[in-house]
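Coordinate inspection notes
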Amino acid sequence: MSPAGHTLLLLAGVQVASVLSPGPNTMLVIQSAARDRKLGYVAAAGCWPASVMWVTLGLAGLGSVLAAAPWLAATLRVVCGAYLVVLGLKALFRSFKPRLPVTEGAAGSWRQTFAAGFVTNATNPKSMAYYMSVFSATGALTLPLWGQGVAILLLPSMATLYYVTLATMVSSGPARRLFGRASHWLDRVAGAAMLLFGAKLLVAR
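An account of the accompanying structure is given in this report. (Residues numbered from 1 in each chain as written. Predicted model: local features only at pLDDT ≥ 70, side-chain atom pairs only at ≥ 80, totals over all residues. Heavy atoms only, no water.)

Here we take up the overall build of the protein chain. Along the protein chain, the regular secondary structure elements total 10 helices and zero strands. Counted from the first residue to the last, the protein chain has its helices and strands arranged as α-α-α-α-α-α-α-α-α-α. The buried share of the protein chain, taken over its 205 residues, is 45%. As displayed, the protein chain has an accessible area near 10,300 Å², and 74% of this comes from carbon and sulfur atoms. (Helix = DSSP H or I, 4+ residues; strand = E, 2+ residues; numbered from the N terminus. Buried < 20%, exposed > 50% of the residue type's maximum accessible area, 1.4 Å probe, protein only. Areas by Shrake-Rupley, 256 points an atom, 1.4 Å probe, with all protein chains shown as cover.)

Right, dumping it as structure tokens:
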């Protein structure tokens, strides 16, 4: 196997371990899929372009830029933290409202869910830190142009496939009935988790 192929295989293995670690993206997909399977898929789809953005920026050397400009890293951390706090508060407030059928205004719900998937991943501290460091650790920054192109498509697609699988599981059979009965509590758990993620970023030094 060529050095580039070995690096891509290593990246794929690290990506599997990363997506299995719960974070804001996972919480959003579960929360959306508990309402409706298609919303779970839409949330997963929204995560994909944000992952493409982070992979591209990571391969372009954004990690070095952030290391050389601590103020920029601090600004991104505050923006990410503030957004996650807002998202968490929205989930908590929604948990106390009557549950409306997803078919009411479904197109708007899909647009909002896709946007939430994109913005959550784009402001996800885990995504930012992961993609900024993994390429240096695996030597991916030295990949040829074709290898970088494969990485830009492969890593986000692997994550999205996992989220789609997760949405399918959450919205199927007994899991769907369980989450349906506990949907308000799921919103509260997801909201609290996002609040904690955001607060952790805001108080970090």
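Glancing now at helix H2 (residues 24-35). For H2, built from 12 residues, the straight-helix expectation of 16 Å at 1.5 Å per residue is met to within 8% by its first-to-last C-alpha distance of 17 Å. Within H2, 11 of the 12 residues are buried, which leaves the element mostly enclosed by the surrounding structure. Of the positions making up H2, those classed as buried are Pro 24, Asn 25, Thr 26, Met 27, Leu 28, Val 29, Ile 30, Gln 31, Ser 32, Ala 33 and Ala 34. (Expected span 1.5 Å × (residues − 1).)

With 23 residues, helix H3 (residues 37-59) should reach 33 Å at 1.5 Å per residue; the first-to-last C-alpha distance of 33 Å fits that figure. Its side-chain oxygen placed 2.9 Å from the backbone nitrogen of Lys 38, Asp 36 serves as the N-cap of H3. Phi turns positive one or two residues past the end of H3, at Gly 61, with a value near 95°. (Polar contact = N/O pair within 3.5 Å; in protein donor to acceptor, adjacent residues only side chain to side chain.)

To continue, consider the packing of H3 against helix H8 (residues 145-170). The geometry of H3 relative to H8 is characterised by a closest axis approach of 8 Å and an angle of 155° between their N-to-C directions. With respect to H8, the axis of H3 lies roughly antiparallel. In this structure, the crossing between H3 and H8 has a hand that is right-handed. On the side of H3, the interface is formed by Arg 37, Gly 40, Tyr 41, Ala 44, Cys 47, Trp 48, Ser 51, Val 52, Val 55, Thr 56 and Leu 59, while H8 contributes Gln 148, Ala 151, Ile 152, Leu 153, Leu 155, Pro 156, Ser 157, Thr 160, Tyr 163, Val 164, Ala 167 and Thr 168. Here the contact of H3 with H8 is built from residues that sort into 15 nonpolar, seven polar and one charged. (Axes fitted to C-alpha atoms, helices over the stretch in contact; angles between N-to-C directions. Parallel < 35°, antiparallel > 145°, perpendicular 65-115°, else oblique. Left-handed = near helix turned anticlockwise from the far one by under 90°. Contact = heavy atoms within 4.5 Å. Nonpolar A, V, L, I, M, F, W, Y, C, P; charged D, E, K, R; others polar.)

Before going further, it helps to spend a moment on the side chain of Gln 148. Note on placement: Gln 148 falls in helix H8. Apart from the residues within four sequence positions on either side, Gln 148 is in contact with Leu 59, Leu 141 and Leu 143.

We now examine the nonpolar core. In this structure, Leu 11, Tyr 131 and Phe 135 are the most contacted members of the largest nonpolar core, which totals 17 residues. Put simply, the parts of the chain that give this core at least two residues each are helix H1 (3-19), H3, helix H7 (125-138) and H8. Of the residues forming this core, the biggest block, six residues, is contributed by H7. Excluding residues that lie within four positions of it along the chain, Leu 11 makes contacts with Tyr 130, Val 134, Phe 135, Thr 138, Ala 140, Leu 143, Ala 151 and Leu 155. (Core = buried A, V, L, I, M, F, W, Y, C linked by side-chain atoms within 4.5 Å.)

Here we come to the packing of H2 against H3. The relative placement of two packed helices is expressed as an angle between their axes plus a distance between the axes. The contact between H2 and H3 brings their axes to 5 Å, and the two run at 155°. On the basis of their axis angle, the class for H2 and H3 is roughly antiparallel. Note on element contacts: H3 touches H2 through Arg 37, Leu 39, Gly 40, Ala 43, Ala 44 and Cys 47, opposite Asn 25, Leu 28, Val 29, Ser 32, Ala 33 and Arg 35. When grouped by side-chain class, the residues that make up the contact of H2 with H3 number seven nonpolar, three polar and two charged.

This brings us to the environment of Gly 13. Among the secondary structure elements, Gly 13 is positioned in helix H1. For Gly 13 and Leu 155, which are 142 residues apart along the polypeptide, the C-alpha to C-alpha distance reads 10.0 Å.

Once that is clear, we can look at empty space enclosed by the protein. Going through the model one piece at a time under the given rule, you end up with one cavity of 30 Å³ or more. Estimated volume of the largest cavity: approximately 130 Å³. Listing elements by their share of the lining of the largest cavity, those giving two or more residues are H1, H2, H7 and H8. Top contributing element to the lining of the largest cavity by residue count: H7, with four residues. The residue inventory of the lining of the largest cavity, partitioned by class, reads six nonpolar, 10 polar and one charged. (1 Å grid on protein atoms, 1.4 Å probe; cavity = no way out; pocket = protein on both sides within 12 Å on 5 of 7 lines; lining within 4 Å. Points joined across faces, edges and corners; volume = space filled by probe spheres on them.)

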